[in-house]
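Residue-level structural notes
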Amino acid sequence: MNKSSLCLLPLIVAPLFAMASLKPAESEYVIGLAGQYAPEYAGSDKYDADMAPYFSWRNQTFQIDVVNGISYSKEFNNGIYLGQTLGYSLGRSDDNETWLQDGSRKLKGMGKIKMAMTSTSKVGWWMAHWIGFEGDVIAPLTDSQGMQYNLKLNLIMFEGHNDTVTFNVERNYGDARYNNTWYGVNESQSVQSGYKQYKSGSGLNNTNYGINWQHSFSDAWTGYADLNYTVLADRISKSPIVDKDNFFTFTIGAFYSF
């Protein structure tokens, strides 16, 4: 397996629970399996196919899962919800043989981005049953990789007895430290890798457009398919490690709740 199975999980599961605030959740366990076709790393022109398992437990307030870590959330009757998560970033490798991280041999000499614990603060608002906004701030706790700021719009395009189709747009921002950690090339990295030096400023690093389909086979079984199109911002796409500034990611899976 060329890249981490765990790395594909956020795209697998995030849309699955995007509408959690609409339906008060009783205590439940979820297990699942999904496959994904995606670039070796954001900006790579080579794709990999991977599979990954999933497990979570949640009730109306807390959630523990292999994607987000430990989360606390509070929902209000007016559609506003708040959340706080203690999670992790898996980092990135400079080859494609590491099981726990994205990576490519094209990054040889760039060094590894370490795994880090993170803290995510989230606020969202479902203005109506079919439209919602969400924002979060992600801060590293154990390794200074910089800050992330994300804004998201969710639109429920169709909702039937067994099927739900959701469209979302997400704009992802980083401070200068974050953007340079992932896309910059400092003097030492330039000497080791052969890439030209590059320094990125703070601001937008990508915009993601996604469409998600969920199908309920029964009260317990759910099928899932997700297609995302990501466009890297100019300050990121000009980095010498970026071979392609736009790419697709496709994910399909099944989940069992009990």
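Check the entry above for the structure.
Okay, so let's go over this structure. This is a predicted model, so every value here is computed, not measured.

1. Topic: the nonpolar core
Ranked by internal contacts, the top residues of the largest apolar core, which has 15 residues, are Met110, Tyr183, Val185, Leu232, Ile241 and Val242. Residue contributions to this core peak at three residues, all from helix H2 (residues 176–183).

2. Things to note about the pairing of strand S9 (residues 131–140)
Across the ten residues of S9, seven count as buried, placing the element largely inside the fold. Of the pairings in the sheet, the one linking S9 to strand S10 (residues 148–159) comprises eight bridges and is antiparallel in character. Residue pairing across strands places Glu134 opposite Lys152, the latter belonging to S10.

3. A short note on the side chain of Thr207
Along the polypeptide, Thr207 turns up in strand S12 (residues 203–216). Judged by its relative accessible area of 8%, Thr207 falls in the buried class. Reaching out from Thr207, the side chain makes a polar contact with the side chain of Arg171 at a distance of 3.4 Å. The contact partners of Thr207, leaving out residues within four places of it in the chain, are Val169, Glu170, Arg171, Tyr229, Thr230 and Val231.

4. Digging into the sheet that holds strand S4 (residues 69–75)
Here twelve strands make up a closed barrel; going around it, the order is S1-S2-S3-S4-S5-S8-S9-S10-S11-S12-S13-S14 and the pairing antiparallel. Strand after strand, the sheet turns through a mean of 20 degrees between neighbouring axes, direction not considered. One ladder, built from eight bridges, connects strand S1 (residues 28–39) with strand S14 (residues 246–257); its direction is antiparallel. Bridge pairing in S14 links Leu33 to Ala254.

5. What about the packing of aromatic side chains?
This model, assessed by the stated rule, comprises ten aromatic pairs. A ring pair is formed by Tyr178 and Trp182, whose centres lie 6.1 Å apart and whose planes are at 45 degrees; its orientation type is tilted. Of the two residues, Tyr178 and Trp182 both sit in helix H2, four residues apart, roughly one turn of that helix. The exposure class of Tyr178 is buried, given its relative accessible area of 14%. For Trp182, a relative accessible area of 15% translates into the label buried. An aromatic cluster is built from Tyr29, Phe55, Trp221, Tyr256 and Phe258, whose rings are joined through pairwise contacts. The cationic tip of Lys74 hangs over the ring face of Phe76; the distance from NZ or CZ to the ring centre is 5.9 Å. The lysine or arginine in question, Arg92, covers the ring of Tyr41, its NZ or CZ lying 6.0 Å from the ring centre.

6. Brief notes about the environment of Ile113
With respect to the helices and strands, the residue Ile113 is situated in the loop between strand S7 (102–103) and strand S8 (116–128). Once the C-alpha coordinates of Ile113 and Asp102 are considered, the two residues, eleven residues apart in sequence, prove to be 10.0 Å apart. In this view, Ile113 contacts Leu90, Gly91, Arg92, Gln101, Gln145, Thr181 and Trp182; residues no more than four positions away in its chain are not counted.

7. Regarding the pattern of salt bridges
Summed over all chains, the structure comprises four salt bridges. Across the pair Glu28 and Arg58 runs a salt bridge whose closest N-O atoms are separated by 3.0 Å. With Glu28 in strand S1 and Arg58 in strand S2 (residues 47–58), the pair connects residues that are 30 residues apart, well separated along the chain. The salt bridge involving Asp243 is made with Lys106; its shortest N-O contact spans 3.1 Å. On the criterion of sequence distance, the pair formed by Asp243 in the loop between helix H4 (234–237) and S14 and Lys106 in the loop between S7 and S8 is long-range, its members being 137 residues apart. Where salt bridges share partners, they join Asp45, Lys106 and Asp243 into one cluster.

8. Comments concerning a nonpolar patch on the surface
Side chains of Phe76, Ile80, Leu82, Val123, Trp125, Met127 and Phe133 sit close together on the surface and give an oily, nonpolar patch of about 610 Å² of accessible area. Of all the secondary structure elements, the ones that give two or more residues to the nonpolar patch are strand S5 (80–89) and S8. Take the nonpolar patch: its biggest share by element is three residues, from S8. If you trace the backbone, Ile80 turns up in strand S5.

Calculation rules
- Residues numbered from 1 in each chain as written.
- Predicted model: local features only at pLDDT ≥ 70, side-chain atom pairs only at ≥ 80, totals over all residues.
- Heavy atoms only, no water.
- Core = buried A, V, L, I, M, F, W, Y, C linked by side-chain atoms within 4.5 Å.
- Buried < 20%, exposed > 50% of the residue type's maximum accessible area, 1.4 Å probe, protein only.
- Helix = DSSP H or I, 4+ residues; strand = E, 2+ residues; numbered from the N terminus.
- Pairing = 2+ DSSP bridges.
- Polar contact = N/O pair within 3.5 Å; in protein donor to acceptor, adjacent residues only side chain to side chain.
- Contact = heavy atoms within 4.5 Å.
- Axes fitted to C-alpha atoms, helices over the stretch in contact; angles between N-to-C directions.
- Phe/Tyr/Trp six-rings, centres within 6.5 Å; stacked < 30°, edge-to-face > 60°.
- Lys NZ or Arg CZ within 6 Å of the ring centre and 35° of its normal.
- Salt bridge = Lys/Arg side-chain N within 4 Å of Asp/Glu carboxyl O.
- Patch = residues over 30% accessible without salt bridge, like charges linked within 9 Å, V, L, I, M, F, W, Y side chains within 5 Å.
- Areas by Shrake-Rupley, 256 points an atom, 1.4 Å probe, with all protein chains shown as cover.

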